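# Understanding the architecture of this molecule
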Amino acid sequence: MARNLGTALGGDCAGPRRVARQLWPLIVGLISIAGAAAGLRLGVGLNVSRSAPRGIYRTVADPPARGALVVACLPTAVGAFGRTRGYLGPGDCPGDAQPVLKRIGAVAGDRVELDGDGVTVSGIRLLARPIEARDSAGRPLPHAALGARIVAPGEVWLFGHSPGRSWDSRYFGPIPLTSVRGVVLPVLTVD
């Protein structure tokens, strides 16, 4: 009898399960969008780049300081270059670029030395890898001027987690401290 009732209503009893399986991608997508929107309002974001360990981060009220992991916008010309080269995705920073997730390696008053073998900050070897002449696609890669300089007030130098292939201040120089959107801490990382 139940079989006949199900057939009379336009299908068999497996119909609701089939519909649920077909709607599952839509449901997951809607939950993901809602989660992302809620995360942004709560200061939580997802990093999938290799500039920092991939995972979930949350914004904290700490002031930007040497060693802090920060989200920052790059200057307009730098952001536009990064977008053109594919180093950055689209975003709401100058140059229509996404913000970067990098560690502050040098602050006002620090002495930054760039040489063929890496970066030294105030006498401490921060990165011991040569500045790359070409990017991973084989294109010439401009870099900050070699030599020593004192970081000016209101500037910071940003460095990536994977120093060998991170597009960071070794290549575009210091950025204004006002471009730092916030300090972040990892919630869950996979690297």
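Use the structure listed above.
Residues numbered from 1 in each chain as written. Predicted model: local features only at pLDDT ≥ 70, side-chain atom pairs only at ≥ 80, totals over all residues. Heavy atoms only, no water.

## With respect to unusual backbone geometry
Note on backbone geometry: most residues besides glycine have negative phi, and most peptide bonds are trans. Phi at D96 takes a positive value of approximately 55 degrees, unusual for a residue other than glycine. Its location among the elements puts D96 in the loop between β4 (90–93) and β5 (100–106). Phi is positive for S122, which is not a glycine, with a value near 50 degrees. Considering the arrangement of structural elements, one finds S122 in the loop between β7 (118–121) and β8 (124–127). (Helix = DSSP H or I, 4+ residues; strand = E, 2+ residues; numbered from the N terminus.)

## Overview of the sheet that holds β8
Ordered in space as β8-β7-β6-β9, the 4 strands form an open sheet in which the pairing is antiparallel. At either end of the open sheet lies a strand with only one pairing partner, and these are β8 and β9 (147–150). Here the strands of the sheet are splayed against their neighbours by 25 degrees on average, with no regard to which way each runs. For strand β6 (residues 111–115) and β9, the ladder comprises 4 bridges, and the chain directions are antiparallel. In the strand pairing of β9, R111 is matched with I150. (Pairing = 2+ DSSP bridges. Axes fitted to C-alpha atoms, helices over the stretch in contact; angles between N-to-C directions.)

## Quick look at the sheet that holds strand β3 (residues 69–72)
Pairing is antiparallel in the open sheet, where 7 strands are placed in the order β1-β2-β12-β3-β5-β10-β11. With partners counted over all chains shown, the strands left at the sheet margins are β1 (44–47) and β11 (175–176), one partner each. Two strands pair when backbone bridges link them, and β1 and strand β2 (residues 55–60) are joined in this way by 4 bridges, in the antiparallel orientation. Each bridged residue has a counterpart across the sheet, and for V44 the counterpart in β2 is R58.

## Observations regarding a nonpolar patch on the surface
Where nonpolar side chains cluster on the molecular surface, the patch consists of V44, L46, V48, I56, V187 and L188 and spans about 560 Å² of accessible area. Looking at the nonpolar patch, the elements with two or more residues in it are β1 and β12 (180–189). The residue V44 is located in strand β1 in this model. (Patch = residues over 30% accessible without salt bridge, like charges linked within 9 Å, V, L, I, M, F, W, Y side chains within 5 Å. Areas by Shrake-Rupley, 256 points an atom, 1.4 Å probe, with all protein chains shown as cover. Salt bridge = Lys/Arg side-chain N within 4 Å of Asp/Glu carboxyl O.)

## Observations regarding the layout of surface pockets
Approximately 270 Å³ is the volume found for the second largest pocket. What lines the second largest pocket is a set of 19 residues, and nearest its centre among them are R103, I104, G105, L126 and F159. Broken down by secondary-structure element, the contributors of at least two residues to the lining of the second largest pocket are β5 and β8. With 4 residues, the single largest contributor to the lining of the second largest pocket is β5. (1 Å grid on protein atoms, 1.4 Å probe; cavity = no way out; pocket = protein on both sides within 12 Å on 5 of 7 lines; lining within 4 Å. Points joined across faces, edges and corners; volume = space filled by probe spheres on them.)

## Some remarks on the nonpolar core
The biggest cluster of nonpolar side chains holds 31 residues, and the ones touching the most others in it are L74, V112, W157, L158 and W167. No other element matches strand β10 (residues 155–159), which puts 4 residues into this core. Apart from residues no more than four positions distant in its own chain, L74 is found in contact with G79, L88, P94, V100, W167, F172 and I175. Core analysis: the second largest hydrophobic core is formed by 5 residues, A52, L69, L101 and V184 among them. (Core = buried A, V, L, I, M, F, W, Y, C linked by side-chain atoms within 4.5 Å. Buried < 20%, exposed > 50% of the residue type's maximum accessible area, 1.4 Å probe, protein only. Contact = heavy atoms within 4.5 Å.)

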